[in-house]
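Here's the letter readout for the chains.
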Amino acid sequence: DLFDDCLGRIALMNRGFERALLLGCPDAGWPDRLRPFADWVECRDPGPLFAAAAGGEPIIEDAWGAVSQAYDLVLAVGTLESVNDLPLALRLIRHALRTDSLFIGAASGGDTLPRLRRAMRAADAAGGVAAPHVHPRIEASALAPLLGDAGFVRPVVDVERVPVSYRTFDRLVSDLRAMAATNVLRARGPPLTRAQRGAASRAFAEAAEDGRTT
């Protein structure tokens, strides 16, 4: 999984770490899996229940009291894509890191779920008005400059494309709800009408091959 991939990259480093900060711990077992690479691991998550289950504390990534040079490893998995002020969040992480440290972040990028976005545009067209359905996501090409502006040296940005397929629009929405990954915007529009939902379902189905939309 994504966390395994991050751990694999840390394992490639020919060094150990003293103090690690894990940002995002939806799995309570993640801190234990990180401990072989660091003498001390602190876990923080924007979700209070996730943080408590992992023995950590809640955090707002763009509004926390980052202690200067407190860590030599920061791993952020699955939280930075929904931060209000990403440049500030990156600066705070850099402030908390010592010299010659490592930061690894993983987030869903700007090309995430294109068929869903197309379906929601069809729903907007059926309703005659556009509404925000998905929070903005950062493009991969914009990440390296952001990291450089935050003070990181030699930033590297990789893109991994993971294909997933669904038989119906409703099944995709059900999965997103189970992940608590539906619309988190405050300025979102009203719920879809039956006509809008039908338009979204048809647009999603039109992109299918062999009965599944990828």
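The preceding data block contains the structure.
Residues numbered from 1 in each chain as written. Predicted model: local features only at pLDDT ≥ 70, side-chain atom pairs only at ≥ 80, totals over all residues. Heavy atoms only, no water.

Enquirer: Would you take a moment to explain the side chain of R44 for this structure?
Expert: Within the element layout of this structure, R44 appears in strand β2 (residues 38-45). You can call R44 buried: its relative accessible area is 16%. When neighbours within four sequence positions are excluded, R44 is seen to be in contact with L21, L22, L23, G24, C25, E57, P58, I59 and W64. (Helix = DSSP H or I, 4+ residues; strand = E, 2+ residues; numbered from the N terminus. Buried < 20%, exposed > 50% of the residue type's maximum accessible area, 1.4 Å probe, protein only. Contact = heavy atoms within 4.5 Å.)

Enquirer: Whenever I open this one, the nonpolar core confuses me. Can you help?
Expert: General note: in soluble globular proteins, nonpolar side chains tend to be found buried as a group. Among the nonpolar cores identified, the biggest contains 23 residues, and L80, L90 and F103 are the most heavily contacted of them. Counting only elements with at least two residues in this core, the list comes to β1 (17-23), β4 (71-77), α4 (86-96), β5 (97-106) and α6 (140-149). With 20 residues, the next largest nonpolar core counts W30, V41, L102 and I104 among its residues. (Core = buried A, V, L, I, M, F, W, Y, C linked by side-chain atoms within 4.5 Å.)

Enquirer: I would appreciate a short explanation of helix α8 (residues 194-206) in the present structure.
Expert: Every α-helical turn comprises 3.6 residues, leaving residues that sit three or four positions apart pointing alike. With 13 residues, α8 extends 18 Å from end C-alpha to end C-alpha; this agrees with the ideal 18 Å at 1.5 Å per step. Residues of α8 that are buried make contact with α5 (114-127) and α7 (169-178). (Expected span 1.5 Å × (residues − 1).)

Enquirer: Which parts of the structure should I look at to understand the state of the cysteines?
Expert: Cysteine pairs can be covalently joined through their sulfur atoms, and such a bond is termed a disulfide. Counted according to the given criterion, the structure contains one disulfide. This cysteine, C6, is not joined by any disulfide, and C25 carries the nearest cysteine sulfur, 14 Å off. (Disulfide = S-S within 2.5 Å.)

Enquirer: Is there a simple way to think about the sheet that holds strand β3 (residues 57-58) in this case?
Expert: Hydrogen bonding along the main chain pairs the strands of a sheet, whether they run parallel or antiparallel. Reading across the sheet, the five strands line up as β3-β2-β1-β4-β5 and stay open at both edges, with parallel pairing between neighbours. Both outer strands of the open sheet, β3 and β5, are each paired with one neighbouring strand and no more. Summarising the sheet, β1 and β2 pair through six bridges and their orientation is parallel. Among the inter-strand pairings, L23 is bridged to a residue of β2, identified as R44. Contacting β1, β4 and β5, α4 crosses the sheet at an angle of about 140° to β5. (Pairing = 2+ DSSP bridges. Axes fitted to C-alpha atoms, helices over the stretch in contact; angles between N-to-C directions.)

Enquirer: What am I meant to see in the side chain of D72 here?
Expert: Structurally, D72 can be placed in strand β4. Relative accessible area serves as the criterion here: at 5%, D72 is assigned to the buried category. If sequence neighbours within four positions are ignored, D72 has contacts with R15, F17, E18, R19, L97, R98, S101 and L102.

Enquirer: What is the right way to look at the packing of α5 against α8 in this model?
Expert: The description of two packed helices rests on the angle between their axes and on the distance between the axes. Following both chains from N to C, one finds α5 and α8 inclined at 140°, their axes separated by 7 Å at the closest point. Along this stretch, α5 crosses α8, giving a crossing that reads as right-handed. Residue-level inspection shows R115, A119, A122, A123, D124, A126 and G127 of α5 in contact with α8, the latter providing A195, Q196, A199, A200, A203 and F204. Tallied by class, the residues present in the contact of α5 with α8 amount to nine nonpolar, two polar and two charged. (Left-handed = near helix turned anticlockwise from the far one by under 90°. Nonpolar A, V, L, I, M, F, W, Y, C, P; charged D, E, K, R; others polar.)

Enquirer: What should I look at first to understand the packing of α5 against α7 in this one?
Expert: One can describe the packing of α5 onto α7 by two numbers: an axis separation of 12 Å at closest approach and a directional angle of 115°. On the basis of their axis angle, the class for α5 and α7 is roughly perpendicular. Where α5 crosses over α7, the two elements pack in a sense that is left-handed. On the side of α5, the interface is formed by L116, A119 and M120, while α7 contributes F169, L172 and L176. Classifying every residue of the contact of α5 with α7 gives six nonpolar, no polar and no charged. (Parallel < 35°, antiparallel > 145°, perpendicular 65-115°, else oblique.)

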